[in-house]
Amino acid sequence: MMKKYDIPLLASDESIVLDRRLISAFTMDSAREAYVPATIEEHRQRSCQVRRRLLLSAGLLPEMELPPAEVYQSAAKEYHGVNIRDVVVNSLPGLRLTGSLFLPEKFEGKLPGLLCPHGHWSTGRIHHAPDGGVVMRCFELAKLGFAVFAYDMIGYNECNDFPHDLDREMKRKGALAGVSTFGMQTVNSMRAVDFIASLPEVDAGRIGCTGASGGGSQTWFISALDERIKVLAPVCMLSAHFQGGCGCEEGPALRVSGLTSFDVLAACAPRPVMLPSVTGDWTNCNPWYEVPQLKKVYALYDAADKVHNFHYEDGHNYNRRTREHVYAFLVRELQGIDRGEKIIESDDAPPPPEVIWHSGAKPAAATARSAEKAYEALENFLLQNLPDTNGDPAAWQRERKELLKELLSGAGDFTKGAVERVSAYWDVPGGKAFGRIVSNREAGNRITTVDLRPDEVKNDEVLIIAAAGAYTDWFSDGCQAEKLAKILRDGQRVRLVELTGSGSQAWQLAKAIRNPERFTLAFDESFFSMRVQDLVSVVELLRFLGDEKLRISAAGDAVPAALAAAALTGVPVDVDMAGVNEDIWMQELNYQVLIRRLGGIAGLLRLNAGKDNRISNLSEKIQ
C-alpha cells in the first residue's frame, strides 16, 4: 500500500491572486486608441493583418476556392424612371444572397456601381422612414446615374434561411466550424461585389459602397477585403469607443487580437471616404478624434484631403440631410462631377415594398427547420473544403501553425520572459516534488506546476504532464498517484502542469469576466487558448533553464491543449486518445472558435506529424 504524504497548497485561493487573463476584458463599449502607423510600410503590413483577421473570423482561412455562384435576375420592374430587378445569388451551399438592383431607365455608356448594405433598420432594404430611407437612397442614386445593388443582411426579407441572430446552440457549434452571422454576411458581401462588377451595365473600375450603422460596418469590412471598392461612405458608425452591437459585426475571434473598427477603416486608405457623424450617437467624437486620426493615416499617402466628415446635431440616422451630402460625395468621386456639398433629394415617393419584394408580398421569416437545413449544407461545405497538403506536408504545417498562432492570439507570444516562483517542496515515492508557480513577465498569468525529480535520474528528457485535473490527483492516494510513482521509479524527470481552470485553481473560473454570449466569441480570449499558453510558457521556461529534451504528455480533456502547444513549440507528444473526438471542442475549457477550420483534432495531429510522437488509442475517425 502506498504511503500517504502531506500535499501542500501551492497557490493561494484568495481573489487578489487571480490570473489576470481571466479578469481582463474588452467589450464593444471599451474606449480604444485610434492607432496611426508611423510609416506607409507599417500601414501596409497592418492592413494585411486586418484582412487576414477578417477572413479568419469569417471562416475563410485556410483559403479555399469558392465555387462559381449561380445568379438569377428577374425582368425589370419600371418605377418612375428607374428599373428594378430582383436578384438571387447562390453564394455557397446553404447560403443565399438576395436583393434588388436599381438601374436608371435611360443611360449612355457604363454606370458606376454602388453597393448598399442596409444595416439594422427593422425592415432592411425596404426601410423608409424619417431617420433612414434605404429604398429612397437606392432609388435616388439610380436616378443620379448609378447602378445600385441593395442586398439583404442575413435574416432579412428574402435572405430568410437563417435568422439574423442564430440560437445559442447553433452559434456555438457554428463558430467552431466557421459558420456565423458575420461569416455568412462577409461571404455575401464578397459575392455582392462580384455580382455588380460582372454586370454589363457597370464600369467595374468605379464601384462604391455606403451604408449606415450596421451597414456602415459592412461597408468597411468589404472595402477592406476588396480593393475593387474605390469609394466608401460608412454613415454614423465610426467610433473608437464603440465597435458594433451585433453578431454580424462581431465575428468569432474578431476582436481578441485588439482589432478595432478604426483599424478596419484605416486599412481602406487612401481611398476616398465620407464619414457622416452626429452628436447623438457613438460618432459624437468624430470631428476632434477619429477623423483627425484617420487623416493622419491618409497623410502617409499625401491623401488627407480624401477624408471627409459631415457632422451635425442629431440622433443615429441616414436621413435626408445626410443622404444629400453623401449623394454629392459619390457623384463627385465616381462620376467626376462637382455639384457642391450636397445634392437636393427629389420629392418623389420611393418604390413601395410591394415593388421591392420579389414576390410582391412580405417574405416569410426563417424557421428552425430552414436554419437547420441551411446550416447542415453550409457546415458540410466548409468542413469538406479544407485544403490538403498538395504533396508538401512541411509547407502545410508551416501555414497551419501560423494560423493556429493567429487564432489563439497570445499563445504564440508566450515564449519569452517566463519565470517561476518557488513554492513548497515535499517527499514523494521515488523522488521529491518542488512546487513552482510559473508566469510571464507583465502578463499576470499564474500557472501551478510541480517539478518532480526522481531519486535516480536515468535519462535527460523532461516529461511535461498536462493535467486537466488537480495536481493533488498525482500524489498520496490520488487517482494518478500510481502512474506518477512508476514514472519516477523509471528515473524520468517530470514537470506537472495544472492547466487553467483545473484542479486547485478551478475556483477562478467563477470569477472570470465574460461578455454576453454573442460578444464572448468575438472579444474574449478562450480558456483553451490560456491552457495552450500554460504549456507553451512552461516549455520555454525549461528551455531557458537548459532542458532541451522535452516531451508533452496528456490524456482525455488535456489532449487538445497538449497537441496545440506541441505544434507551436515543436516538442514531441505522448498522448492517450481514448475518448477524444471532435465533440471535445464543445467543452467549456476546450471550446475554441474556428478550430475545426484548421481540421480540429485531426488537424492538430497532422501538425505534429514527423516528430518522435507516441500516440495511443487513436480512433480511425480522427486519423
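Cut-offs used in this document
- Residues numbered from 1 in each chain as written.
- Predicted model: local features only at pLDDT ≥ 70, side-chain atom pairs only at ≥ 80, totals over all residues.
- Heavy atoms only, no water.
- Helix = DSSP H or I, 4+ residues; strand = E, 2+ residues; numbered from the N terminus.
- Rg over C-alpha atoms; globule rule 2.2 N^0.38 Å.
- Areas by Shrake-Rupley, 256 points an atom, 1.4 Å probe, with all protein chains shown as cover.
- Buried < 20%, exposed > 50% of the residue type's maximum accessible area, 1.4 Å probe, protein only.
- Contact = heavy atoms within 4.5 Å.
- Axes fitted to C-alpha atoms, helices over the stretch in contact; angles between N-to-C directions.
- Left-handed = near helix turned anticlockwise from the far one by under 90°.
- Nonpolar A, V, L, I, M, F, W, Y, C, P; charged D, E, K, R; others polar.
- Parallel < 35°, antiparallel > 145°, perpendicular 65-115°, else oblique.
- Pairing = 2+ DSSP bridges.
- Phe/Tyr/Trp six-rings, centres within 6.5 Å; stacked < 30°, edge-to-face > 60°.
- Lys NZ or Arg CZ within 6 Å of the ring centre and 35° of its normal.
- 1 Å grid on protein atoms, 1.4 Å probe; cavity = no way out; pocket = protein on both sides within 12 Å on 5 of 7 lines; lining within 4 Å.
- Points joined across faces, edges and corners; volume = space filled by probe spheres on them.
- Expected span 1.5 Å × (residues − 1).

A. Broad picture of the overall build of the chain. For the chain, the helix and strand inventory stands at 17 helices and 18 strands. Its C-alpha atoms give the chain a radius of gyration of 28 Å, within 12% of the compact-globule value 25 Å for 623 residues. When the accessible surface of the chain is split by element, carbon and sulfur atoms take 49% of a total near 24,500 Å².

B. Seen up close, the environment of D29. Inspection of the secondary structure puts D29 in the loop between α1 (20-23) and α2 (40-57). For D29, a relative accessible area of 48% translates into the label partly exposed. C-alpha of D29 to C-alpha of H241: the two residues are 212 residues apart in sequence and 5.5 Å apart in space. Aside from chain neighbours lying at most four places away, what touches D29 is H241 and F242.

C. Expanded view of the packing of helix α5 (residues 181-198) against helix α6 (residues 214-225). Relative to each other, α5 and α6 sit at 65 degrees, their axes nearing to 10 Å. Note on packing geometry: the crossing formed by α5 with α6 is right-handed. Across the interface between the two elements, F182, Q185, T186, S189, M190 and V193 of α5 pack against Q218, F221, I222 and L225 of α6. Of the residues contributing to the contact of α5 with α6, the split by class is 6 nonpolar, 4 polar and no charged.

D. Up close: the packing of helix α4 (residues 168-177) against helix α11 (residues 368-384). Taken N-terminus to C-terminus, the directions of α4 and α11 make an angle of 20 degrees; their axes are 10 Å apart at the nearest point. Here α11 runs roughly parallel to α4, going by the angle between their axes. In this structure, α4 crosses over α11, and the sense of that crossing is left-handed. Of α11, the residues touching α4 (which contributes M170, K173, G174 and A177) are A371, E372, Y375, E379, L382 and L383.

E. Here's a closer look at the pairing of strand β7 (residues 202-212). Sheet topology places strand β5 (residues 111-117) next to β7; 4 bridges connect them, and they run parallel. Following the sheet pairing, L111 is matched in β7 by V202. In the sheet, β7 pairs with strand β8 (residues 229-235) via 6 bridges, with the strands oriented parallel. Within β8, the position partnered with T210 by the bridge is A233.

F. How the structure looks around the packing of aromatic side chains. In total, this model carries 9 aromatic pairs according to the counting rule given. Each ring, one from Y425 and one from F434, has its centre 5.9 Å from the other, and the planes form 25 degrees; the classification is stacked. Its relative accessible area of 62% is what places Y425 among the exposed residues. Taken together through their ring pairs, the aromatic side chains of F149, Y151 and F195 make up a single cluster. Here the basic side chain of R32 rests over the ring of F26, its NZ or CZ set 3.7 Å away from the ring centre. Lying across the ring of Y591, R172 places its NZ or CZ 4.0 Å from the centre.

G. Fine view of empty space enclosed by the protein. Overall, the coordinates contain 6 cavities of 30 Å³ or more when judged by the stated rule. Quantified by volume, the largest cavity comes out at close to 140 Å³. The set of elements that each furnish at least two residues to the lining of the largest cavity consists of α4, α5 and α14 (517-523). Counted by class, the lining of the largest cavity contains 8 nonpolar, 5 polar and 4 charged residues.

H. Highlighting α6. In a regular helix each residue adds 1.5 Å, so 12 residues correspond to 16 Å; α6 covers 17 Å between its end C-alpha atoms and thus fits that length. Extensive coverage of α6 is indicated by the burial of 11 of its 12 residues. The set of residues buried in α6 consists of G214, G215, G216, S217, Q218, T219, W220, F221, I222, S223 and A224. The elements touched by buried residues of α6 are α2, β5, α5, β7, β8 and α7 (261-266).

I. Region of the structure containing the sheet that holds strand β11 (residues 418-428). Strand order in the open sheet formed by 8 strands is β11-β12-β13-β15-β14-β16-β17-β18, with mixed pairing between adjacent strands. Each edge of the open sheet is held by one strand with a lone partner, namely β11 and β18 (614-616). Taking each pair of neighbouring strands and ignoring which way they run, the sheet shows an average axis angle of 20 degrees. Strand direction decides the pairing type here: strand β14 (residues 462-467) and strand β16 (residues 550-555), joined by 4 bridges, are parallel. Note on β16: the bridge partner recorded for L463 is R551. Contacting β11, β12 (431-440), β13 (447-454), β14, β15 (493-498) and β16, helix α15 (residues 527-544) runs over the sheet at an angle of about 150 degrees to β15.

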